[in-house]
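Coordinates in review
One-letter residues, chain by chain:
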Amino acid sequence: MQQTTNTILMVRPVNFRMNEQTAVNNYYQKDLSTSLKMTNSTINAKAQQEFDAFVHKLQENGVEVVVINDTENPNTPDSIFPNNWISFHENGDVGLYPMFAENRRLERREDVLEQLESKGFVIENVIDYTGAEEFEVFLEGTGSMILDRQNRKAYCALSPRADEELFIEFCEDFEFTPVIFTANQTVNNRREAIYHTNVMMCVAEQFAIVCLSSIDDKKERKNLLKHLKENQKEVIDITEEQVNAFAGNMLQVKGAENQLYLVMSSSAYQSLRKDQLQKIEKYNPIIHSSLETIETCGGGSARCMMAEVFLPKNK
């Protein structure tokens, strides 16, 4: 099993803005329309510029990017983060996931699968967990779960968007060993659950980046480290302040000639200390791009924008 792919699916936004339905438990979002008096169309135009520049950087380095254009209707402000509703696997399986915000459920589009098939990708099975929404049970794809595909482990920080039972069901269906913990951030002097695991953790082929101080329970922290060390991952610890700059929201991808890269936003890159950058660059170069508007309004960053495509291709 491969841990990294050179094919990424990304959705170009048409109605990007701060989503009031996700802001209830995504504490990274800020409303630019009130703070900077920006109109939604200005915010969307800025997000599109950031998106296009980001795609260009990936393609320049040999990453294959499948760009799907969002539709005007239905109105989906968070469509730029497709990894939450869909995942693609090496055996041709596709996972569809239940989403916390009602307006995010509208992001799921049948034609995305058709567009991939038209490019020669093979889809064998669709495993659909979306029925759990009726019971207010959620598991937001590779936002909620960090998959170590090589070692068949799935890491999950429980939150209103990551249900333990459904996560275990996913692990049984896809043959992953579950590693479960709770990760918190400080909001108004209170510890609140971090909404997505991929904000505080990234697992690459030979290393893992994780905010250990967000895991308040010492046993859970020890268990997480045990699993990473068992698989010979060098652990690079980041601070909560760096998590706030999206330094946990990164993805390792393959570019031209199978060269590995770690992809992140410029704010994440700028937040890293010299010693952390050296550790990362020992394994792979870094690609970073400015995603300021997307991060500020969307409360998500580079990793959230990339849905990895591991599907087999027609011979």
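Below or above, wherever it landed, is the structure these notes cover. Computed from a predicted model, the values in this text were never measured in an experiment. (Residues numbered from 1 in each chain as written. Predicted model: local features only at pLDDT ≥ 70, side-chain atom pairs only at ≥ 80, totals over all residues. Heavy atoms only, no water.)

A look at the packing of aromatic side chains
A full pass over the atoms with the stated rule returns seven aromatic pairs. Here the aromatic rings of Tyr97 and Tyr129 are separated by 5.9 Å at their centres, their planes lie at 15°, and the arrangement is stacked. Placement of Tyr97 in the loop between strand 4 (93-96) and helix 3 (102-105) and of Tyr129 in the loop between strand 5 (125-128) and helix 5 (141-144) is noted, with a sequence separation of 32 residues between them. Both residues of the pair, Tyr97 and Tyr129, count as buried. Relative to Phe138, the ring of Phe100 lies with its centre 5.6 Å away and its plane at 80°, an arrangement referred to as edge-to-face. With a gap of 38 residues between them, Phe100 in the loop between strand 4 and helix 3 and Phe138 in the loop between strand 5 and helix 5 connect regions that are remote in the sequence. By way of ring pairs, the aromatic residues Tyr97, Tyr129, Phe170, Phe174 and Phe176 are connected into one cluster. (Phe/Tyr/Trp six-rings, centres within 6.5 Å; stacked < 30°, edge-to-face > 60°. Helix = DSSP H or I, 4+ residues; strand = E, 2+ residues; numbered from the N terminus. Buried < 20%, exposed > 50% of the residue type's maximum accessible area, 1.4 Å probe, protein only.)

Re the pattern of salt bridges
Following the criterion strictly, the structure yields 16 salt bridges and no others. A salt bridge links Glu133 to Arg108; the shortest N-O distance between them is 2.7 Å. Residue Glu133 is located in the loop between strand 5 and helix 5, and its partner Arg108 is located in the loop between helix 3 and helix 4 (110-118); the two are separated by 25 residues in the primary sequence. According to the relative accessible area criterion, Glu133 is buried, its value standing at 10%. Through salt bridges with shared partners, one network takes in Asp70, Arg109 and Asp111. (Salt bridge = Lys/Arg side-chain N within 4 Å of Asp/Glu carboxyl O.)

Quick word on unusual backbone geometry
The amide bond that connects Asn73 to the next residue, Pro74, takes the cis arrangement and shows omega of -5°. Mapped onto the fold, Pro74 is located in the loop between strand 2 (64-69) and strand 3 (86-88). Even without a glycine there, the phi angle at Phe246 is positive, about 70°. The residue Phe246 is located in the loop between helix 8 (240-244) and strand 14 (251-254) in this model. Taking relative accessible area as the criterion, Phe246 reaches 4% and is therefore assigned buried.

Describing empty space enclosed by the protein
Per the counting criterion, the structure on display carries four cavities of 30 Å³ or more. The space that makes up the largest cavity amounts to roughly 150 Å³. Every residue lining the largest cavity is counted, 15 residues in all, and those nearest its centre are Leu147, Val203, Leu251, Arg303 and Glu308. Along the lines of polarity and charge, the residues of the lining of the largest cavity split into eight nonpolar, four polar and three charged. (1 Å grid on protein atoms, 1.4 Å probe; cavity = no way out; pocket = protein on both sides within 12 Å on 5 of 7 lines; lining within 4 Å. Points joined across faces, edges and corners; volume = space filled by probe spheres on them. Nonpolar A, V, L, I, M, F, W, Y, C, P; charged D, E, K, R; others polar.)

Some points on helix 6 (residues 164-174)
Of all the residues in helix 6, the buried ones are Leu166, Phe167, Phe170, Cys171 and Phe174. Buried residues of helix 6, seen end-on, are gathered within an arc of 145° and therefore sit on one face of the element. When the buried face of helix 6 is taken as reference, the exposed residues oriented beyond 90 degrees from it are Glu165 and Glu172. Positive backbone phi, approximately 60°, marks Glu175, located one or two places after helix 6. (Arc of directions from axis to C-beta.)

Structural notes on the sheet that holds strand 3
Within a sheet, adjacent strands bond to each other through the backbone by hydrogen bonds, running parallel or antiparallel. The three strands lie next to each other as 3-4-5, forming an open sheet whose pairing is mixed. Looking at which strands have only one partner, the edges of the open sheet turn out to be strand 3 and strand 5. Ignoring strand direction, the axes of neighbouring strands in this sheet form an average angle of 20°. Of the strand pairs in this sheet, strand 4 and strand 5 are connected by four bridges, and their pairing is parallel. Residue Leu96 lies in a different strand from strand 5, and its bridge partner there is Asp128. (Pairing = 2+ DSSP bridges. Axes fitted to C-alpha atoms, helices over the stretch in contact; angles between N-to-C directions.)

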